[in-house]
Amino acid sequence: EGQNIGLIMALASFAKVDENGFLISPYFVVEDGVITSATGPFDSEINLHGNLLMPSFKNAHAHSAMVFLRSLAENKPLQSWLEQDVWPNEAKLTPDSLYYLTKLAILEYLSSGITASFDMYVKNDAYMQAMKDTGFKGVICSGLNNFDRDINDIEREFLKFGNRFVLGIHAEY
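Predicted model, so just to flag it, every value in this text is computed and none were measured. (Residues numbered from 1 in each chain as written. Predicted model: local features only at pLDDT ≥ 70, side-chain atom pairs only at ≥ 80, totals over all residues. Heavy atoms only, no water.)

Trainee: How would you sum up the overall build of the chain? Please name residues and give values.
Mentor: Along the chain, the regular secondary structure elements total five helices and eight strands. Reading the helices (α) and strands (β) of the chain from amino to carboxyl end gives α-β-β-β-β-β-α-α-β-α-β-α-β. Sequence-distant contacts in the chain: of pairs separated by 6 or more residues, those separated by 24 or more amount to 62%. (Helix = DSSP H or I, 4+ residues; strand = E, 2+ residues; numbered from the N terminus. Contact = heavy atoms within 4.5 Å.)

See below:
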């Protein structure tokens with residue numbers, strides 16, 4: 001277990017990113033499925049003890065701050081779970097609680113090899129601040145759906161967050 005976390009942190013240290021936290025060039029050259037070279041400069045050499053060096057995982061559909069709802073009212077139909085359990089609890093969230101819950105989610109992501117997320121949730125300022133404060137790579141998705149987003153809100157967030165905001169469809173309701 002400890003080796004895996006060390007490996008994840010070692011892989012994260014190889015990333016070369018721009019001022020917005022986006023990958024700008026790979027450090028590894030792969031030809032025919034084989035790493036043929038690694039470019040530096042590197043400050044140190046890491047013995048992986050036989051572990052696999054591979055790209056990290058990306059969470060392509062996240063609601064990071066929803067970690068507080070994990071295991072709440074399992075085995076319910078979606079609509080009753082949303083109406084009875086999710087939405088009433090989400091209504092109590094503040095920007096501060098969203099910030100700290102997102103930081104908790106980021107810790108969980110990193111412990112399982114996830115180094116980026118595409119998040120669609122609420123109060124995106126708190127999510128963005130948590131990403132900036134932790135150095136986590138993430139993108140805010142608009143989360144288009146048929147019940148709670150309007151095009152004016154989406155445009156405002158696009159203008160506010162720039163290249164850290166993309167259009168995304170939440171689900172096929």
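Trainee: Please give an account of the sheet that holds strand β7 (residues 137–141) that cites residues and values.
Mentor: Pairing within the open sheet is parallel, and its four strands lie in the order β5-β6-β7-β8. The sheet is open, and its two edges are formed by β5 (57–62) and β8 (165–166), each paired on a single side. Where β5 lies against strand β6 (residues 114–119), four bridges are found, and the strand directions are parallel. Bridging from a neighbouring strand, lysine 58 pairs with alanine 116 of β6. (Pairing = 2+ DSSP bridges.)

Trainee: So what's going on with the pattern of salt bridges? Which residues, and what values?
Mentor: It is possible for side chains of opposite charge to pair when their charged atoms get near one another. With the rule as written, the count across this model stands at four salt bridges. Residue lysine 76 pairs with aspartate 85 through a salt bridge whose shortest N-O separation is 2.8 Å. Of the residues examined, lysine 76 reaches a relative accessible area of 33% and is grouped as partly exposed. (Salt bridge = Lys/Arg side-chain N within 4 Å of Asp/Glu carboxyl O. Buried < 20%, exposed > 50% of the residue type's maximum accessible area, 1.4 Å probe, protein only.)

Trainee: Account for the pairing of β6, naming residues and giving values.
Mentor: Burial of β6 is extensive: five of the six residues sit out of reach of the surface. The pairing of β6 with β7 spans four bridges and is classified as parallel. Pairing of aspartate 119 across the sheet is with isoleucine 140, part of β7. You can see the chain leave β6, run along helix α4 (residues 124–134) and come back into β7, and the turn it takes is right-handed. (Right-handed = clockwise from strand over helix to strand, strands pointing away.)

Trainee: Describe in detail the packing of helix α3 (residues 95–111) against α4, supporting the description with residues and values.
Mentor: It is the contact of α3 with α4, at a shortest axis distance of 8 Å, that shows an interaxial angle of 45°. By the angle between their directions, the pair α3 and α4 is classed as oblique. Of the two possible hands of crossing, α3 and α4 adopt the one that is right-handed. Residues Pro95, Leu98, Tyr99, Thr102, Lys103 and Ile106 of α3 touch α4, and the partners they reach there are Ala126, Tyr127, Gln129, Ala130, Met131, Asp133 and Thr134. Here the residues of the contact of α3 with α4 sort into eight nonpolar, three polar and two charged. (Axes fitted to C-alpha atoms, helices over the stretch in contact; angles between N-to-C directions. Parallel < 35°, antiparallel > 145°, perpendicular 65-115°, else oblique. Left-handed = near helix turned anticlockwise from the far one by under 90°. Nonpolar A, V, L, I, M, F, W, Y, C, P; charged D, E, K, R; others polar.)

Take it as geometry only, folks, not as evidence of what the structure does.
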